[in-house]
Amino acid sequence: MTDTNIHLAHKENKTNGNVEFVEDLGILDESLVEIPGEGNINGYTLYLAVVAGLAGWLFGWDTAVVSPALSNIGTALDHHILTDTQHEWAVASLSVGALFGSLGGGILSDTFGRKPVLQFGDLCFLVGGVLICSSTTLIQFIVGRVIMGVGTGIAAVVSAMFLGELAPSRVRGRLVSIQSVLICAGQFTAYACGAGLENVRHGWIILFALGIPFALFQGVAMHWLPESPRFCVIQGRQDIARDTLAKIYPIATPEQVELKLKVIQLSADISNSMKREYQSIWTRLYVLLTTGRYFRPTLIATILFLVQQLSGQNTLMYYSSTLFSLAGFSYPPAAGLLISGVNCLMTVISMFTMDPFGRRTIFLIGAPVMIVSLIIASVAFAKMTESSGGQLVADLASTYPKEWVNLMLAMMVIFIVGYAPSFGTIAYTSIELMPLEVRGMGSAIAIAFQWAGNVFISATYLTIMNGIGPAGSYGLYCGFVFLGFVAIYFMYPEPSGLSIEETGSLFDEGFGVKKSERLRKAHKQVRRDTAARDLS
């Protein structure tokens, strides 16, 4: 099969195991090859998700640990206190490495597979951690952060792809969101450990060292994980893919496993034909950017990841100790821990709401919550700093009106309530919107923009705060979220309930918002018809 415009859907007749080909739906539909109990997560699948998702924990830990570490580091680097610019680049250096890691990780995963690239990411975590812990100069510290960032970028792009390609259709959202939960768990753990080590001599070394055993564990545990069945099919290793699918669907009959494999094969045929036609990476990149059905899902995923960063959420992660200290909190780690804890809680809740309520719906609720809370927080900052010329001044921190300080903190918490289940979690599932043949390259581009946005925020936050004040800074971030909300309304289709192959067909014509509604209705009708036949 070489015609990229041909898509078939399988509709399973549960009473006799026959397969009807439904050509008018315009989909490659794995989810309609339904297996009893497919909506449940079995032990093997959970093991896959947790081990692969540990990359998310490392991602969260290594991005968040810098805030408490730098507040503890004192004069340990080059024997002097870091300036604002040095502070910014000590933070941003991880994002610079992650930018390159996400670009290289996506492309390499299409060549060597998801599993070995994730293991290379673990090696980067290990090497970077050792360099940082042994640092006596800022240069060595930054080099270690860049190398660790390469591992973080790989974790961001390849882990989500790996989980999405292993997960059954019915529970894909929940399994992919395990990565987001573990990212938040890593961040929360980093803040909790940072609070405990705040006044401990060389506490910053302990904080960075604590992440090393987790990278080592994942690198070893990955040995027992299978390669993605979709990647195996693309490489012509159907036997391995068949064995993996049989473990993911343990109560499936051989015929049902073959049907699952057949759907993947149909999509893989398209991918292989594209690689045969366009052998150069640069040629495939040109095709991606000039072909609507490839460019549109890459664009919306890029927008989601970019707004995720430009919303300002990472200022609360990277600079929470600095921000809340300047705002007059006597124990800044407590405020950072509160925000991190709410982030983790809302991400867990998102696991169980994104599929039944719909990802588009959660975005359209979460973004307005973020916008309103950022507007009120900006007003609170303006009122707080009336006596200090609109700037947060350390010597005046104790004089800021407590009612405005507390309102600012409350709005930051509400901002996270809107952010965590939407941009914080669902953005990572946007990779599944891309057709299989360009998923590695497309996701690499999207997550590269994510890290570019991260570099912008982490490398300019203190400078922007000093320039336009906290009220102006968070007003600027609010504007970015508003633009993201407009893009989601017009460009983001609802993928919940659709197979990973189907979602890649949504953008054949336009952005697929209405097409996804038609396909989801067709799914519901098929299931109603099947249920009626079973009852009769």
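So, a few notes on the structure that sits alongside this text. Keep in mind the model is a prediction, meaning the values are calculated, not measured. (Residues numbered from 1 in each chain as written. Predicted model: local features only at pLDDT ≥ 70, side-chain atom pairs only at ≥ 80, totals over all residues. Heavy atoms only, no water.)

Counting secondary structure elements, the protein chain contains 21 helices and two strands. In terms of C-alpha radius of gyration, the protein chain reaches 24 Å, essentially the compact-globule figure of 24 Å for 536 residues. Considered along the principal axes of its C-alpha atoms, the protein chain spans approximately 75 × 45 × 45 Å. Nonlocal contacts in the protein chain, meaning residues at least 24 apart in sequence, comprise 80% of its contacts between residues at least 6 apart. Carbon and sulfur atoms form 66% of the exposed surface of the protein chain, whose accessible area is close to 19,700 Å². For the protein chain, the separation between the mean place of its 34 positive charges and that of its 38 negative charges on side chains is 3 Å. (Helix = DSSP H or I, 4+ residues; strand = E, 2+ residues; numbered from the N terminus. Rg over C-alpha atoms; globule rule 2.2 N^0.38 Å. Contact = heavy atoms within 4.5 Å. Areas by Shrake-Rupley, 256 points an atom, 1.4 Å probe, with all protein chains shown as cover. Lys, Arg positive; Asp, Glu negative; His and termini not counted. Charge placed at Lys NZ, Arg CZ, Asp CG, Glu CD.)

The next subject is a nonpolar patch on the surface. Together, Phe482, Leu483, Val486, Tyr489 and Phe490 give the surface a local cluster of nonpolar side chains, amounting to about 530 Å² of exposed area. Tracing the chain through its elements places Val486 in helix α19 (residues 439-491). Since its relative accessible area comes to 33%, Val486 is described here as partly exposed. (Patch = residues over 30% accessible without salt bridge, like charges linked within 9 Å, V, L, I, M, F, W, Y side chains within 5 Å. Salt bridge = Lys/Arg side-chain N within 4 Å of Asp/Glu carboxyl O. Buried < 20%, exposed > 50% of the residue type's maximum accessible area, 1.4 Å probe, protein only.)

With that settled, consider the nonpolar core. Ranked by size, the top nonpolar core spans 142 residues in total, and within it Phe141, Leu323, Met408, Phe423 and Tyr474 carry the most contacts. If sequence neighbours within four positions are ignored, Met408 has contacts with Phe324, Ala327, Phe329, Ala380, Phe381 and Met384. With seven residues, the next largest nonpolar core counts Met274, Tyr294, Val438 and Met441 among its residues. (Core = buried A, V, L, I, M, F, W, Y, C linked by side-chain atoms within 4.5 Å.)

Take the state of the cysteines next. The tally for this structure, following the rule as stated, stands at zero disulfides. Not engaged in a disulfide, the cysteine Cys133 finds its nearest cysteine sulfur in Cys193; these two sulfurs lie 13 Å apart. (Disulfide = S-S within 2.5 Å.)

Our focus in this paragraph is the packing of helix α3 (residues 84-112) against helix α4 (residues 114-133). Two elements in contact, α3 and α4, have axes separated by 7 Å at closest approach and are oriented at 135°. When the axis of α3 is compared with that of α4, the two are oblique. On α4, the residues touching Gly105, Leu108, Ser109, Asp110 and Phe112 of α3 are Arg114, Pro116 and Val117. (Axes fitted to C-alpha atoms, helices over the stretch in contact; angles between N-to-C directions. Parallel < 35°, antiparallel > 145°, perpendicular 65-115°, else oblique.)

Packed helices, taken two at a time, are described by the angle their axes make and the gap between the axes. Packing of α3 against helix α5 (residues 138-166) leaves a shortest axis separation of 5 Å and a crossing angle of 40°. Here α3 lies oblique to α5, going by the angle between them. You can see that α3 and α5 cross each other, and the crossing is right-handed. A class-by-class count of the residues in the contact of α3 with α5 yields 15 nonpolar, eleven polar and one charged. (Left-handed = near helix turned anticlockwise from the far one by under 90°. Nonpolar A, V, L, I, M, F, W, Y, C, P; charged D, E, K, R; others polar.)

Let us now look at the pattern of salt bridges. Evaluation of the coordinates by the stated rule reveals six salt bridges. We note a salt bridge from Asp508 to Lys515, for which the minimum N-O separation is 4.0 Å. Lys515 sits in the buried class, given a relative accessible area of 18%. Sharing partners across several salt bridges, the network here consists of Asp239, Arg242 and Glu258.

Let's shift gears to helix α8 (residues 212-221). Restricting attention to buried positions, one finds in α8 the residues Ala215, Gln218 and Ala221. Down the axis of α8, the buried set is contained in an arc of 135°. They therefore lie on one face. (Arc of directions from axis to C-beta.)

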